[in-house]
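Chain by chain, the residues:
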Amino acid sequence: MRKVQSAAPRYSPKINLISSFMASTPQVRKRNDRKIIEKLYSIKCQEMKLVVLDDQLQRFIDKIIVQLNTDTLNLQDMNLGKMCIPILNKLIGDIPNIRLSQNVIGDGVMNLQINMVSLSLSNCGIGPNGFVQLFKAVKQSTLYSLNVGNPQSNNRNRLGKSIKDLGVLLGQNKILAMLDISACGIYDVYHLNQGLIQNQTLIYLNIADNEIKEQINLVKTLEELNVRDNPINQNITSYTEQLRQDVCRIRNLNISGCKFQLIHLHQLLEHIERNGHLQILKLDNNMLIGDFVLCIANYLVYNNVLEELSMKNCSLSNLFIQQLAIGMSKNSRLKVLNLSKNMFGNEGAILLADGFGGVSNLRSISVRRCGFNDDGGIRLFKQFLKSKIQEFDVSRNLLTDSTAMYAIQLAIKNRQITKLKFTNNLNSYETQSKIERLIKENVEQYKTGLVPTLIGQVQRMSNYQDEQVMVEQRQANIRVKREILSQEYYTAQSQQFTTISSQKDRTAQQEDKLAIIKDELMKVTQQGLGLDKKNWQILYQMDEQITQITEQIKSENQIISSIQKNLSAEQQKKKNLQQSYKQSLENIKLQYDMISRKLRQAEAEYTSLQRQMQFQNTPATKKK
C-alpha cells in the first residue's frame, strides 16, 4: 500500500483576510468544557472497549482545553468514532477551523453540525451515504474550506454515488472556495463538471490520485489546480485550450505523475506560452523522453511570468538540459528551479551551468541526486559564485572536498545564502561542518537585519490603511453633500412651481376683471351719443383703470419671465452639480484603485516576509 502525499494549498489574499478576521474574533467558552471533554474521552474509550485511565484522561483534557480559546481545534488522529459526534458538536461551538482527519468517524459525519469556516475530514472512512448528508449540510452553511482527501492509504474516504451531490453543491453554494477530494475514487466526472460549470467561487481544487482520464472544466475563479497522479496525458489539449483562452486564471498548476512524455509537454507549453497568469508549474515524476526538446527553450524565452519550475524525476536527457539552459539564459523571471532525481551526470551539470549567466532573478536551485561528481560540481559552483542565488541543494551526489571548498567560498562571499544542502556526498566531516556553520551565521545575520526592514514595511502598510480610511471618509462626505444639495434643489424647484402657479392664478383673475370692464365699456359706448360730461369723466376713469390693469398685467408677465429664467438657471446649476459629482467620483475611484494596488502589493510583500520569518525560525540543516 502506497502513501499519497497531499499538497497544501497556497492561500490567496482573500483567505488571509478571513483568517485575520477569525484571529481577531474572541471566543467565548462555557464553564463546563472540562466535563464535555471528559465525556468525550469516556465515550471514545467505551467505543474502543478500553479502560479509562486518569493520567491519559488528564493528557487528553490538557491537549484540547488549550485550543478552545483559539481559532483552530485540532483533533487529528485521536481515534474518535461515530458515537463522539454529538459531544463534538457541543465542544466545537463557534471555533472556525476544525481538523478531524484520521479518525474513525465513518458515516457518523452525517450528524456533524456544519457551522465552522474550515473543516478537514481526510482519512475518516466516510462512505457515499455519509457524504450525501454532509454535502446537503454544507450547501446551506458558510463553510469556506473542505478537505475530504486521502493523503494516507488507510481508512480512505469513498465518494461513490455522492459525486452527484457534490456537483449539486458546487453549482449552488456561493461560499465554498477550497476543496480537496484527492484519492476519493471519483468515477463520474460528468456530474462534477456540471457543478464546476455553474460554480463561481472555487479558488483551490485538489483532485489528485483519482485515475481521472476525462476533461475537467476549469472554474473561472480557480487559482490553484492539483491533478497529480491522474492519466490526463491523452486529454492534455482540453486543459491547455482552457488555459490559453484565459477561461481561468490558474497561478499554480501541479500535473506531476500524469504519464507525460515530451510530446505532451510540447502541447502543453505551446498552448500556455503566452499565458499571463501561471506562476508555478510542477511536472514531477513524468517520463519526459522524446524529440520535442526545443519546447522548453521556447517557453522560457517567450514567457516572462513563470516563477517556479519543478521537474523532479523526469528522466531528463542532456539534450533537454541544454535547451533548458538556453531558455534560462534569456529568462529573467524564473526564481525557483528543481531538477532533482534526474541522472544527467557531469555533462548535464556543465550544460546547466552555462544557463545561469542570464538568470538574474533565480533564488533557489535544487540538483539533488543527479549523479555528477567534481567535474560538473566545480563548474556549477563557479557559476554560483557569479549569481545571486540564496538556496542550494546539491545533496546525494558524488562531490568531494574539492567542490566543498567552492561551496565554502560561496557561503563566505554571499552572506544572503540561507540554505546550502551538501549532505550525503563524498566530502569530509570537517568541510561539511564548516558549510553548516557558515550557513548558520548567514541565517543569524539575516535575522538581525530583517527586523528593522519588517518594522518599516509594517509601518508602510499601516500608512496605506490610513490612506484607505481617508478615501472612504471623503467618499462618505461627498455622499452626504450630494444628498443635501439634492434636497435643496428639490425644495427650490417646488417653491418655484408654487410661485408660478400662484402668478398664473392672479393673471387669470386680472384677465377676468379686464373682460368685465371691456363688457361694461361696450355698454357705455353704445350709450355714448346721449352721455353728458359726467359720463365722459366716468369713461375717462375707466380708461385709466384699463391702462393701469394693462400695465399691471405687463409687470406680472415680466415677473413670470424672470421666474422662468431663475428656473432655467437652477436647472443649469443642477447639471453643473451632477457633472462635478461625477468628476469627483471618478477621481475617488482612481485614488481607491491606486490604494488597493498598493495594499495588494504590501500584503504580498508581508506574506512573503512572514514566510521568510517562518523559514528562519526553523533549525539549521542537519547532516543526514
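Quick caveat, the model's predicted, so the values are computed rather than measured. (Residues numbered from 1 in each chain as written. Predicted model: local features only at pLDDT ≥ 70, side-chain atom pairs only at ≥ 80, totals over all residues. Heavy atoms only, no water.)

Helices and strands together make up the secondary structure of the protein, namely 16 helices and 14 strands. Across the protein, the fraction of contacts at a sequence separation of at least 24, relative to all contacts at a separation of at least 6, is 77%. Element-wise, carbon and sulfur atoms account for 50% of the exposed surface of the protein, whose accessible area totals about 33700 Å². (Helix = DSSP H or I, 4+ residues; strand = E, 2+ residues; numbered from the N terminus. Contact = heavy atoms within 4.5 Å. Areas by Shrake-Rupley, 256 points an atom, 1.4 Å probe, with all protein chains shown as cover.)

The next point concerns the environment of Gly 257. With respect to the secondary-structure elements, Gly 257 resides in the loop between strand 8 (252-254) and helix 9 (262-271). Between the C-alpha atom of Gly 257 and that of Met 287, which follows or precedes it by 30 residues, the distance is 8.7 Å. Beyond its immediate sequence surroundings of up to four residues, Gly 257 is in contact with Asp 229, Asn 230, Asp 284, Asn 285 and Asn 286.

This paragraph deals with the state of the cysteines. Counting across every chain of the model gives zero disulfides. Here Cys 45 stays free of any disulfide, with the sulfur of Cys 84 as its closest cysteine sulfur at 9.2 Å. (Disulfide = S-S within 2.5 Å.)

On to the confidence of the model for the protein. Looking at the protein as a whole, the pLDDT averages 83, with 88% of positions reaching at least 70. Counting contacts from residues 1-31, a segment whose pLDDT is below 50, to residues more than four positions away or on other chains yields 64 contacts. (pLDDT = per-residue confidence, 0-100.)

Where helix 11 (residues 318-329) meets helix 12 (residues 345-353), the axes come as close as 8 Å, and the angle between the chain directions of the two elements is 10 degrees. When the axis of helix 11 is compared with that of helix 12, the two are roughly parallel. You can see that helix 11 and helix 12 cross each other, and the crossing is right-handed. Within the contact between the two elements, helix 11 uses Asn 318, Ile 321, Gln 322, Leu 324, Ala 325 and Met 328 and helix 12 uses Glu 347, Gly 348, Leu 351 and Leu 352. Its residues assigned to classes, the contact of helix 11 with helix 12 comprises six nonpolar, three polar and one charged. (Axes fitted to C-alpha atoms, helices over the stretch in contact; angles between N-to-C directions. Parallel < 35°, antiparallel > 145°, perpendicular 65-115°, else oblique. Left-handed = near helix turned anticlockwise from the far one by under 90°. Nonpolar A, V, L, I, M, F, W, Y, C, P; charged D, E, K, R; others polar.)

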